[in-house]
Amino acid sequence: MSRKLLLILIDGVPYRNWRRLFGNLEGWVQSGEARVWRMRSVLPSTSASCYASIHTGVPPQVHGIWGNYAVRKLDLPDVFSELARAGRRTGAVTHSYWSEFFQRAPFDAVRDIEYDEEAGPIHHGRFHTMAGYGHDNQMTPSDHDLFATLTRLCEVKGIDYGLYHSCTLDSMGHRFFHDCAEMDHACYLLDEQMAPFIHRWRKAGYEVIVTADHGQDARGHHGGAGDLQQDFAFYYFGESAMPASDVILDQLALAPSILTRLGVAVPPSMTATPFLEG
């Protein structure tokens, strides 16, 4: 039976917050159902730059997404395009940037907020824009609702690969920074909301990766270098052999790893060595 995989990206969570505040994930690590590594983002450790690298496997210096104001359609092979070409079903419940990068741009809210398209490469898209985002109003959807939407794509649309992305914790970090009760509670709440869905996805036969796009430093900043801005946790629920637990995983290896695990050929543009096996 063909493997199925979900990539859950929780935006802007530094490694230390993952390991300290996500009790359900850490409980699964203790029980042996999940394994965890440290992963390091590309530079700049800016959200849109990382999104583009996560799915193309090339650095910003190649794909040219220098920051959050440089969003456009990319013309490189990516995880969605290669899976669709191989006949696998894809879905995304994410910020609209992902649709612009990998489906079409510019993003038209009426046309693109939700679509089901046989041609792909994203066959089933459910997107949000966070229009009006600012310090005093995060404009972030409920993660519980977004997890439910992804689960519906799994159970009704039968996707083989699903991408989830939300900016709740990234926005909280920019607003409150990281050493505060507000951030402690936000991480706890997201961990609690996500746990029953992970249980359900696993029962449905999906391997699950839970990780971030980048970290954040003590002042809620990212974009530059350093452990707090670049490093985050990588939790894997699956059976593939993996590197030793002290190896720092390369974000550029994520795209070829997903394709390898799902039995799809890795394009020549993705040059990092996969850490997941086929």
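Please read all numbers here as calculations on a predicted model, not as lab measurements. (Residues numbered from 1 in each chain as written. Predicted model: local features only at pLDDT ≥ 70, side-chain atom pairs only at ≥ 80, totals over all residues. Heavy atoms only, no water.)

As for the overall build of the protein chain
Point 1. Counting secondary structure elements, the protein chain contains 12 helices and nine strands.
Point 2. Whereas a compact globule of 278 residues would reach a radius of gyration of roughly 19 Å, the protein chain reaches 17 Å, a difference of no more than 12%.
Point 3. Considering only C-alpha atoms, the protein chain reaches an extent of 45 × 40 × 35 Å along its principal axes.
Point 4. Put simply, 69% of the contacts in the protein chain that link residues at least 6 apart link residues at least 24 apart. (Helix = DSSP H or I, 4+ residues; strand = E, 2+ residues; numbered from the N terminus. Rg over C-alpha atoms; globule rule 2.2 N^0.38 Å. Contact = heavy atoms within 4.5 Å.)

Focus on the environment of V58
Point 1. One can find V58 in the loop between helix 3 (47–56) and helix 4 (60–63).
Point 2. With 126 residues separating them along the chain, V58 and D184 place their C-alpha atoms 33 Å apart.
Point 3. Excluding anything up to four places from it in sequence, V58 contacts S53, H63, L76, L252 and S269.

With respect to helix 12 (residues 254–261)
Point 1. Where burial is concerned, most of helix 12 is hidden: eight out of the eight residues are buried.
Point 2. Along helix 12, the residues classified as buried are L254, A255, P256, S257, I258, L259, T260 and R261.
Point 3. Positive phi shows up at G263, right after helix 12, with a value of about 75°. (Buried < 20%, exposed > 50% of the residue type's maximum accessible area, 1.4 Å probe, protein only.)

A short note on the sheet that holds strand 8 (residues 231–237)
Point 1. With respect to topology, nine strands assemble into an open sheet ordered 4-5-3-6-1-7-8-2-9, the strand pairing being mixed. If you trace the sheet from one side to the other, it starts and ends with strand 4 (114–116) and strand 9 (248–250), each paired once. For this sheet, the mean inter-axis angle between neighbouring strands, taken without regard to orientation, is 20°.
Point 2. Pairing of strand 2 (residues 35–40) with strand 8, which is carried by six bridges, proceeds in the antiparallel orientation. Looking across to strand 8, one finds that R38 is bridged to A233.
Point 3. Sitting on the sheet, helix 12 touches strand 1 (4–10), strand 2, strand 6 (161–166), strand 7 (206–211), strand 8 and strand 9, and the angle it makes with strand 1 is about 155°. (Pairing = 2+ DSSP bridges. Axes fitted to C-alpha atoms, helices over the stretch in contact; angles between N-to-C directions.)

Some thoughts on the side chain of D217
Point 1. Within the secondary structure, D217 sits in the loop between strand 7 and helix 11 (227–230).
Point 2. The side chain of D217 sits in the buried core without any salt bridge; R219 is the nearest counter-charge, 5.1 Å away.
Point 3. Among the polar contacts listed, one links the side chain of D217 to the backbone nitrogen of R219, at a separation of 2.9 Å.
Point 4. Those residues in contact with D217, other than ones at most four positions away along the chain, are H178, L228 and Q229. (Lys, Arg positive; Asp, Glu negative; His and termini not counted. Salt bridge = Lys/Arg side-chain N within 4 Å of Asp/Glu carboxyl O. Polar contact = N/O pair within 3.5 Å; in protein donor to acceptor, adjacent residues only side chain to side chain.)

Here's the deal with the environment of E117
Point 1. Assignment of secondary structure puts E117 in the loop between strand 4 and strand 5 (124–128).
Point 2. Note on E117: relative accessible area 21%, which makes it partly exposed.
Point 3. The sequence separation of E117 and F275 amounts to 158 residues, and the corresponding C-alpha distance is 31 Å.
Point 4. If we ignore the near neighbours within four places in the chain, the residues touching E117 are Q103, R104, I122 and H123.
Point 5. Within polar-contact distance, the side chain of E117 engages the side chain of R104 at 2.6 Å.

Quick notes on the packing of helix 2 (residues 23–31) against helix 10 (residues 181–203)
Point 1. Taken N-terminus to C-terminus, the directions of helix 2 and helix 10 make an angle of 45°; their axes are 8 Å apart at the nearest point. By the angle class used here, helix 2 and helix 10 are oblique. Seen from helix 2, the contacting residues are G23, N24, L25 and W28; seen from helix 10, they are D191, E192, M194, A195, I198 and H199.
Point 2. Its residues placed into classes, the contact of helix 2 with helix 10 shows five nonpolar, three polar and two charged. (Parallel < 35°, antiparallel > 145°, perpendicular 65-115°, else oblique. Nonpolar A, V, L, I, M, F, W, Y, C, P; charged D, E, K, R; others polar.)

Some thoughts on unusual backbone geometry
Point 1. At the junction of L43 and P44, the peptide bond is cis and its omega measures out at 5° in the coordinates.
Point 2. Tracing the backbone through its elements, the reader meets P44 in the loop between strand 2 and helix 3.
Point 3. Following G120, the chain continues into P121 via a peptide bond in cis, with omega recorded as 5°.
Point 4. Relative to the elements of secondary structure, P121 occurs in the loop between strand 4 and strand 5.
Point 5. Its identity as a non-glycine residue notwithstanding, M139 has a phi of 55°, on the positive side.
Point 6. Judged by its relative accessible area of 37%, M139 falls in the partly exposed class.
Point 7. At F177, a position not held by glycine, the phi torsion is positive, near 65°.
Point 8. Position of F177 relative to the elements: it lies in the loop between helix 9 (168–176) and helix 10.
Point 9. Take F177: its relative accessible area is 38%, and that puts it in the partly exposed class.

What to know about the packing of helix 8 (residues 143–157) against helix 10
Point 1. The interhelical angle for the contact between helix 8 and helix 10, taken along N-to-C directions, is 10°, at an axis separation of 9 Å. Between helix 8 and helix 10, the crossing angle belongs to the class labelled roughly parallel. Seen from helix 8, the contacting residues are D143, H144, F147, A148, L150, T151 and E155; seen from helix 10, they are L190, Q193, M194, F197, R200 and W201.
Point 2. Grouping the amino acids of the contact of helix 8 with helix 10 by side-chain chemistry returns seven nonpolar, three polar and three charged.

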